[in-house]
Amino acid sequence: MATEDLMRKALEALGEVDGPMSIEVIHRLVDTGDVQDPMSIAEVSDLLDVSAHTLRYYEKIGLVTVDRDSSGHRVYGPESIRRLVFLTRMRISGMAIRDLQHYVELVDAGEGTVPERLDMLLEHRDTVRRQIKELTLSLAATEYKIATYGGRTGEQE
């Protein structure tokens, strides 16, 4: 499932909520329960509602490491699944793949990178907040045009 599809699903789960949204929507959207056993690519794809292509892409670009069984098939353990949950949530938030790659590199580099990771998340939060303000202004302008002109350009006939 593409990021746009995940966003559509999240928005449908919200309904017509105005005001602060519960993080529970995000938890329900990508809920793995208490996965302990290794899973196949098809099972993880179904669990996270993302395409197998997306999972292979994340592996190819180094966002997740996936073990292989004796037949060479992908086997996702709990750690890989937790990483994929994080990646899915951050993609829903609009974080760019490039930023996710850097974030994952920092995570893999160890505990000493926590301050830089926090800075990245704070910057991303600020970006999202700015986008919300911009969209709120755009919505107000659009609603004004609808109320004032009803589809006309405002020119007198």
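The model shown is predicted, which means the values in this text are computed figures rather than measured ones.

A. Molecular detail of the pattern of salt bridges. The full count for this structure, using the stated rule, is six salt bridges. Sharing partners across several salt bridges, the network here consists of E59, R68 and R74.

B. Geometry of the packing of helix α3 (residues 41-48) against helix α4 (residues 52-60). At a minimum axis separation of 9 Å, α3 and α4 run at an interaxial angle of 110 degrees. One element, α3, and the other, α4, form an angle in the roughly perpendicular class. Facing I41, V44 and S45 of α3, the residues of α4 in contact are A52, L55 and R56. When the residues that make up the contact of α3 with α4 are grouped by side-chain class, the tally is four nonpolar, one polar and one charged.

C. Just the environment of R68, in detail. Its place among the elements puts R68 in strand β1 (residues 67-68). Separated by 28 residues in the primary sequence, R68 and S40 place their C-alpha atoms 9.7 Å from one another. Discounting residues that sit within four places of it in the chain, R68 has contacts with E59, H73, R74 and V75. Only 3.1 Å separates the side chain of R68 from the backbone oxygen of G72, close enough to count as a polar contact.

D. Representation of α3. Among the residues making up α3, those that are buried are I41, V44, S45 and L48. Angularly, the buried residues of α3 cover 105 degrees about the axis, an arc narrow enough to put them on a single face. Looking one or two residues past α3, D49 carries a phi angle of roughly 60 degrees, positive in sign.

E. Up close: the packing of aromatic side chains. Overall, the coordinates contain two aromatic pairs when judged by the stated rule. With 6.3 Å between their ring centres and 45 degrees between their planes, Y57 and Y58 make a pair best called tilted. Plain terms: the ring middles of F86 and Y103 are 5.2 Å apart, the flat faces sit at 25 degrees to each other, and that makes the pair stacked. Separated by 17 residues along the polypeptide, F86 in helix α5 (residues 78-92) and Y103 in helix α6 (residues 97-109) bring together distant segments of the chain.

F. Local environment of the confidence of the model for the protein chain. In this model, the protein chain carries an average pLDDT of 85, and 76% of its residues clear a pLDDT of 70 or more. At the low end of the mean pLDDT range in the protein chain sits helix α2 (residues 24-29), at 59; at the high end sits α6, at 96.

G. Looking closely at the packing of α5 against α6. The geometry of α5 relative to α6 is characterised by a closest axis approach of 11 Å and an angle of 145 degrees between their N-to-C directions. Viewed along their axes, α5 and α6 form a crossing whose handedness is right-handed. Here R83, F86, L87, M90 and R91 of α5 lie close against α6, whose contacting residues are I97, L100, Y103, V104, V107 and D108. Across the contact of α5 with α6, the residue classes break down as eight nonpolar, no polar and three charged.

The rules behind each value
- Residues numbered from 1 in each chain as written.
- Predicted model: local features only at pLDDT ≥ 70, side-chain atom pairs only at ≥ 80, totals over all residues.
- Heavy atoms only, no water.
- Salt bridge = Lys/Arg side-chain N within 4 Å of Asp/Glu carboxyl O.
- Axes fitted to C-alpha atoms, helices over the stretch in contact; angles between N-to-C directions.
- Helix = DSSP H or I, 4+ residues; strand = E, 2+ residues; numbered from the N terminus.
- Parallel < 35°, antiparallel > 145°, perpendicular 65-115°, else oblique.
- Contact = heavy atoms within 4.5 Å.
- Nonpolar A, V, L, I, M, F, W, Y, C, P; charged D, E, K, R; others polar.
- Polar contact = N/O pair within 3.5 Å; in protein donor to acceptor, adjacent residues only side chain to side chain.
- Buried < 20%, exposed > 50% of the residue type's maximum accessible area, 1.4 Å probe, protein only.
- Arc of directions from axis to C-beta.
- Phe/Tyr/Trp six-rings, centres within 6.5 Å; stacked < 30°, edge-to-face > 60°.
- pLDDT = per-residue confidence, 0-100.
- Left-handed = near helix turned anticlockwise from the far one by under 90°.

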